[in-house]
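A closer look at the structure
Listed below are the residues making up each chain.
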Amino acid sequence: MDIRRVTEDFAVAGQLLPEQLEAVAAQGYRSIICNRPDGEAPDQPNMVEIEQAAEAAGLACRYLPVTSGKVADYDVTGFARDLDELPGPVLAFCRTGNRSMTLWSMVQARRGASVDAVIEQARAAGFDMTGLARRLAGEQLTGANGGKVWDVLIIGGGAGGIAAASSLLARDSSLEIAIVDPAEVHYYQPGWTLVGAGVFDKGHTVRTMASLIPAGVEWIKAAVMAFEPENDCVVLENCRRIGYRRLVVAAGIKLDWHGVEGLPETLGHNGVTSNYRFDLAPYTWELVQNLRAGRALFTQPPMPIKCAGAPQKAMYLSCDHWLRQGRLDDIEVEFCNAGAVLFGVQDYVPALMEYVEKYRVDLSFNHRLTRIDGDVRTAWFETVDDAGATVEVAREFDMIHVTPPQRAPDFIADSPLADAAGWVDVDQNTLRHKRYANIWSLGDAMNAPNAKTAAAARMQAPVVANNLLQDMGRVDGVAHYNGYGSCPLTVERGKIVLAEFGYGGKLLPSFPTWLINGKRPSSLAWLLKEKILPPVYWKAMLKGREWMARPEKAQSTE
Ligand code: FAD
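Residues numbered from 1 in each chain as written. Predicted model: local features only at pLDDT ≥ 70, side-chain atom pairs only at ≥ 80, totals over all residues. Heavy atoms only, no water.

1. Things to note about the sheet that holds strand β16 (residues 294–300)
Spelled out, the test is: Strands pair, by our definition, only if DSSP identifies at least two bridges between them. What counts as a helix is a DSSP run of H or I of at least four residues, what counts as a strand is a run of E of at least two, and both are numbered from the N terminus. Contact definition: two residues touch when any of their heavy atoms are within 4.5 Å. Convention adopted: a line fitted to C-alpha atoms gives each axis, helices being fitted over their contacting stretch, and angles between N-to-C directions are expressed from 0 to 180 degrees.
Strand order in the open sheet made by the five strands is β15-β22-β16-β17-β18, with parallel pairing throughout. At either margin of the open sheet sits one strand with a lone partner, and together these are β15 (272–273) and β18 (361–365). One ladder, built from two bridges, connects β15 with strand β22 (residues 399–401); its direction is parallel. By the bridge assignment for β22, Thr273 is matched with His401. Each of β16, β17 (331–337), β18 and β22 touches helix α12 (residues 310–324); the most contacted strand, β16, lies at about 160° to it.

2. Brief notes about a positive patch on the surface
Counted only if it meets this: Residues form patches when they are more than 30% accessible in relative terms and have no salt bridge. Like charges link within 9 Å. Nonpolar side chains (Val, Leu, Ile, Met, Phe, Trp, Tyr) link within 5 Å. In this description, accessible areas are obtained by the Shrake-Rupley approach with a 1.4 Å probe, and a residue is regarded as covered only by the protein chains that are shown. Put simply, a salt bridge is a Lys or Arg side-chain nitrogen that is within 4 Å of an Asp or Glu carboxyl oxygen. Within this scheme the basic residues Lys and Arg register as positive and the acidic residues Asp and Glu register as negative, but His and the chain ends are omitted. To locate a charge, the coordinates of NZ of Lys, CZ of Arg, CG of Asp or CD of Glu are taken. Only protein chains enter the accessibility calculation, which uses a 1.4 Å probe. A residue is then buried if its area is under 20% of the maximum for its type, exposed if over 50%, and partly exposed in between.
A surface patch of positive charge is lined by Arg207, Lys539, Lys543 and Arg545. Relative to the elements of secondary structure, Lys543 occurs in the loop between α16 (523–540) and β28 (552–553). For Lys543, a relative accessible area of 41% corresponds to the partly exposed category.

3. Things to note about the pairing of strand β20 (residues 378–384)
Buried residues dominate β20, accounting for five of its seven residues. Here five bridges tie strand β19 (residues 368–373) to β20, and the two strands are oriented antiparallel to one another. Bridging from a neighbouring strand, Arg368 pairs with Glu382 of β20. Remark: four residues form the turn of the hairpin made by β19 and β20, two consecutive strands paired antiparallel; Arg377 in that turn has positive phi of roughly 50°. With seven bridges connecting them, β20 and strand β21 (residues 390–396) associate as antiparallel partners. Paired with Thr383 across the strands is Val391, a residue of β21.

4. Topic: the sheet that holds strand β2 (residues 10–13)
With mixed pairing, the five strands of this open sheet are ordered in space as β1-β2-β5-β3-β4. Each end of this open sheet is capped by a strand with a single partner; those strands are β1 (4–7) and β4 (60–63). Between one strand and the next, the sheet's axes are offset by a mean angle of 20°, whatever the strand orientation. When strand β3 (residues 31–34) meets β4, the two strands line up parallel, connected through four bridges. Within the sheet, the bridge partner assigned to Ile32 lies in β4 and is Cys61. Sitting on the sheet, helix α4 (residues 98–110) is in contact with β1, β2 and β5 (90–93), with an inclination near 150° to β2.

5. Details of the packing of α4 against helix α5 (residues 115–124)
Condition: Throughout this description, any angle smaller than 35 degrees is read as roughly parallel, any larger than 145 degrees as roughly antiparallel, any in the 65 to 115 degree range as roughly perpendicular, and the remainder as oblique. Each crossing is labelled by how the near helix is turned from the far one, with a counterclockwise turn of less than a right angle marking it left-handed and a clockwise turn marking it right-handed.
Closest axis-to-axis distance for the α4/α5 pair is 9 Å, and the angle between their directions is 150°. As far as their axial angle goes, α5 and α4 are roughly antiparallel. The element α4 and its partner α5 pack so that their crossing is right-handed. In contact with Met101, Trp104, Ser105, Gln108 and Ala109 of α4, α5 contributes Val118, Gln121 and Ala122.

6. A few points about the nonpolar core
Heads up, the condition is: By nonpolar core is meant a set of buried Ala, Val, Leu, Ile, Met, Phe, Trp, Tyr and Cys residues that side-chain atoms within 4.5 Å join together.
With 67 residues, the main nonpolar core has Leu153, Ile154, Leu168, Ile220, Phe227, Val234 and Leu247 as its most contacted residues. Aside from chain neighbours lying at most four places away, what touches Phe227 is Ile155, Cys233, Val234, Leu247, Val249, Phe411, Ile412, Ser415, Pro416 and Leu417. Core analysis: the next-biggest nonpolar cluster, separate from the first, contains 53 residues, Tyr276, Leu287, Leu297 and Cys307 among them.

And the structure:
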């Protein structure tokens, strides 16, 4: 055996024979990697024989066959993963050791080692890698972030991303984690409904990103432009690549303001507002306070949207104010919904209908906002007439609350991670990507059929943390997400219909009915929303304290 030690943890050899593996183990090696394809030469033992002998000698064993002279990028990626996952020291072999040495050298370059240093280390072990210099330099360019490859890279530092980082660290503080997000600030978006009703100041719903990134987690302040799952890296806007061993995607949803003609130009003026923007939620409250008579429109785009109840929450709280001020008789309220039902889970509809009737709201289903002209205070909707033909109808307004159309972020929709509709394609139970085993996703960006809410992300973060660590062999058992999402429907100031449900509309109440009956308006639920949930968000969910969110382990593992 001609074993060449390269580092403390890594060595290279020519062809090993089954009968030599006891001696390999006796020298302290704990794993072997075979880089030689079976059947390359007639005198070569095949992989089954090697594996059996390795097992008998107590050695972990991987087969990563590489054709001589054709080391591909995915071979390098596979070799890097083997090196990370196998117990060391690792002994890699092929016919002469050259292919194994080439793979190791390229992994080092990809991780940021200088070309000269790699060549020198190889030379010290008896290999000449000078012919590889250009390729090694290329690996450095495609390699990541000065060579750092993160144990876990999280895309997005919103509700899902920060919660996932904290839940991971709560389970294993030794993980090297980075969060990529270009945003200076992080928003508590569930608070915006209350800002639009004058209950919260908008300042209560924002904090600096820097103050929320968990201690020990690196913040890479940049936007991801593309995913290269085959190379285990993401590409930033400046073309820099960041490498990872495991990836978590939590980049939220795209608000498509341009999906309604004329909307970007008039938003924030002419009575046109939206609680879906931090800076405009106070304008909603200003409009509501100032409206004394006339017509108020509230719109809802096609699903999916984040917080499907938010369009009507804005409406109920506005109506409640007008009712208390004695103005509601002079204000005509219309809810123009692109969908066909008031709320997707039927159990909550009766309570909501009581308020629709109380506020005398005109419900217009199958009305999709397509165009708006603030100067003439008119909005146009696409709908279907009695004969089944698609028609456009116009509505004048004095104020209009617009919920914008929403879709998957472009950089996700255009990536290999996406399903046909553009969302990250995950298993709805494990939240693991269906095609890339080292990728998970949570929050609004992925395609599990749950209600897109922060409440859902609160339940998903521990599931992702558990399952990622289970994959690393650091915890036992796969956890399953049951589709939980919650929508506190603010039907009047001081009362909420607390919708809590999972996959298939199954009701999943957090509290016994005697305390909060989700199907009825509840003062306690309002207290929860106003006083309890904000600190639960900032101090528990974003800190890895999984209050009422401990993940349940599935009966059988994947
Ligand atoms: P977000 O929290 O939106 O975070 C996404 C992050 O990704 C952002 O920080 C963003 O900067 C980052 N990002 C985007 N693109 C990139 C990129 N290219 N590279 C890197 N990073 C990127 N939920 C409830 O539970 N209850 C409620 O009552 C409720 N009410 C709501 C009311 C309103 C008006 C709104 C707007 C939302 C409401 N929600 C509510 C929904 C909730 O806020 C979202 O579902 C939740 O924030 C989703 O979390 P997320 O992490 O997926 O996305």
